[in-house]
Amino acid sequence: MTSRRNLLLLLCITGVLAALTIDQRSLWTDEIGTWSITVANGPMDWAQRFWHHPNSDGQIPLYHLSMYLWTQAFGSSELSLRWANVPWLLIALLGLHRLHLQAALRWLTIAIFCLHPLVWYQLDEARPYLLHLAGACWLLAGCVNLDLAAQQDDLDASWREILIGTFLLVGSSALGAFWILGALLVMVIWNPRAMLALIGSARRQIGFTALLLGGCALCIIVAAHSHLSGARASLAANFSVAGLVYGGIELLGAAGLGPSRHQLRSQIRLSDPAQLGLMFAAATLALACVGLAWRRLATGRARAMTAIALLVPVAALAGVGLLLHWRVVGRHLSGALPLLCLAMAYFVHGAWRNKQLASRMLAAALLLTLAASSIAIRLADRHGKDDYRQAAGWAQAALREGKTVLWLANERAIGYYHLSGWTPDGIADLPPGLIPYTHYPARAAAGLPPPDVIIYSPREGVDPDDLARPVLRTGGYRLTQTAIAFELYRKD
């Protein structure tokens, strides 16, 4: 159990971390997608629309229900949408605090989790990844505590932790199933007697078990319906080994020291070689620390089970990515993050206890690297996200000048940044002169003149059917301004 004193401390840590990381910069395209799902004419209208949602967000019911309720209470500003992550952060820390480990190792795990740049990045994003991390933290705590359980009460508590982690993972993403199955595989191999004992624990807690398993079943039904209805994740970017490697670099906490995601995807040849070198050096350092922690486990069997828990879900995700031609990135692998934070904490804790200068220097370098990477993620301009606010400002200025503007970007941003009205059914009261890219073919077919201004997001997935992009290839426009993931073109 978490004492009142420790709960207060965790609340303070949560508040401080949120204040350090969450800002009100422009939403990027996926966050705008989150916002658009919250727009409805009431709870029943929201539920009906979510049931028929056309993409893979329809497979994340718990997160989007929480976001709908949150925006009804706190509004939908950039800051509000991102602060919705704070309760999930607290739940994640509560999960880690339940680890039945030495107090120093447990608090060190929490500290490294809070210091990790991937946590900083995902906390400042209105997407379901903090919920996913919370589920992974509780599942990790349940599995570790199950192995250490000495009494019936410990066993029952482990079952509750596993159930909570499972529910949160299933509610955050269908991909949570891979981490759940990896954990179950380890438990079946490592401690089958404890697995059998969990059946008795489930019977002793039949109400709690039925509630959580019922919640999991409901999430699975919604996700399965969405999938069978044809909703899929974006396939605009294919699976690549490079993407998988970069996901590993994010998990190791080194991404903040390197180029931005956008630079690596679109112009890696122009990336700063020093940044690339520093990123790979930091990743190598973190990997060495994790590897040394793994080597220090007491038995070969423990090392094998830990490797299975980490590598089997990653291999499954890579297999699905290859099969579906879908890019696997760091956020898809983040179910491994709590385990990696525990491994880093185990190494640092051991280095300080052993009093070996080389180990202590390596541990200090690891902590400094994580801190530097997180600060860079938070402050370096290169790590900014798609600047839809700036793009909307360009559009408003051009419209005031009487220009026609082709919006070749996420059309939902037209509503969020008040270029037009927005209803649950989409764009409303579109102002004269503003042309969403899906409207462009009808305009061209009517023989109307080309737009004066084009606001273009080169991000993959924008205009997948090439409805409006050809106008950029006519050579009649020149690039006049850029923002993060945006380009402004004017007619020559």
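The paragraphs below set out a description of the structure included in this document. Remember, predicted model here, so these are calculated numbers, not experimental data.

## Observations concerning the pattern of salt bridges
Inference 1: Summed over the entire model, instances satisfying the criterion amount to 17 salt bridges.
Inference 2: Residue Asp-466 pairs with Arg-473 through a salt bridge whose shortest N-O separation is 2.9 Å.
Inference 3: A single network of salt bridges, built from pairs that share partners, joins Asp-23, Arg-25, Glu-31, Arg-82, Asp-124 and Arg-378.

## Describing the sheet that holds strand β7 (residues 486-491)
Inference 1: The strand order across the open sheet built from five strands is β4-β1-β5-β7-β6, with neighbouring strands paired in mixed fashion. On the outer flanks of this sheet lie β4 (434-436) and β6 (477-483), each paired with one strand and no other. Averaged over all pairs of adjacent strands, the angle between strand axes in this sheet comes to 20°, irrespective of strand direction.
Inference 2: In this structure, strand β1 (residues 405-408) lies alongside strand β5 (residues 453-456), joined through four bridges in parallel fashion. In the strand pairing of β5, Leu-408 is matched with Tyr-456.
Inference 3: Docked against the sheet, helix α21 (residues 388-400) engages β1, β4, β5, β6 and β7, running at close to 165° with respect to β1.

## Brief notes about unusual backbone geometry
Among all residues except glycine, the phi angle is most often negative; among peptide bonds, the trans geometry is most common.
Inference 1: In the Ramachandran plot, His-418 falls in the positive-phi region, its phi being about 60° despite a non-glycine side chain.
Inference 2: Note on placement: His-418 falls in the loop between α22 (412-416) and β2 (421-423).
Inference 3: With a relative accessible area of 66%, His-418 lands in the exposed category.
Inference 4: Even without being a glycine, Ala-485 presents a positive backbone phi close to 65°.
Inference 5: Secondary-structure assignment places Ala-485 in the loop between β6 and β7.
Inference 6: Residue Ala-485 is classed as buried on the basis of its relative accessible area of 5%.

## Considering the packing of helix α6 (residues 86-97) against helix α9 (residues 129-148)
Inference 1: It is at 8 Å that the axes of α6 and α9 come closest, and there the two elements cross at 15°. Between α6 and α9, the interaxial angle falls into the category roughly parallel. As for the relative orientation of α6 and α9, their crossing is left-handed in sense. For the pair α6 and α9, the contacting residues are Trp-88, Leu-89, Ile-91, Ala-92, Leu-94, Gly-95 and Leu-96 in the first and Leu-130, Leu-131, Leu-133, Ala-134, Cys-137, Trp-138, Leu-140 and Ala-141 in the second.
Inference 2: Per-class residue counts for the contact of α6 with α9 are 14 nonpolar, one polar and no charged.

Definitions and limits used
Residues numbered from 1 in each chain as written. Predicted model: local features only at pLDDT ≥ 70, side-chain atom pairs only at ≥ 80, totals over all residues. Heavy atoms only, no water. Salt bridge = Lys/Arg side-chain N within 4 Å of Asp/Glu carboxyl O. Pairing = 2+ DSSP bridges. Helix = DSSP H or I, 4+ residues; strand = E, 2+ residues; numbered from the N terminus. Axes fitted to C-alpha atoms, helices over the stretch in contact; angles between N-to-C directions. Contact = heavy atoms within 4.5 Å. Buried < 20%, exposed > 50% of the residue type's maximum accessible area, 1.4 Å probe, protein only. Parallel < 35°, antiparallel > 145°, perpendicular 65-115°, else oblique. Left-handed = near helix turned anticlockwise from the far one by under 90°. Nonpolar A, V, L, I, M, F, W, Y, C, P; charged D, E, K, R; others polar.

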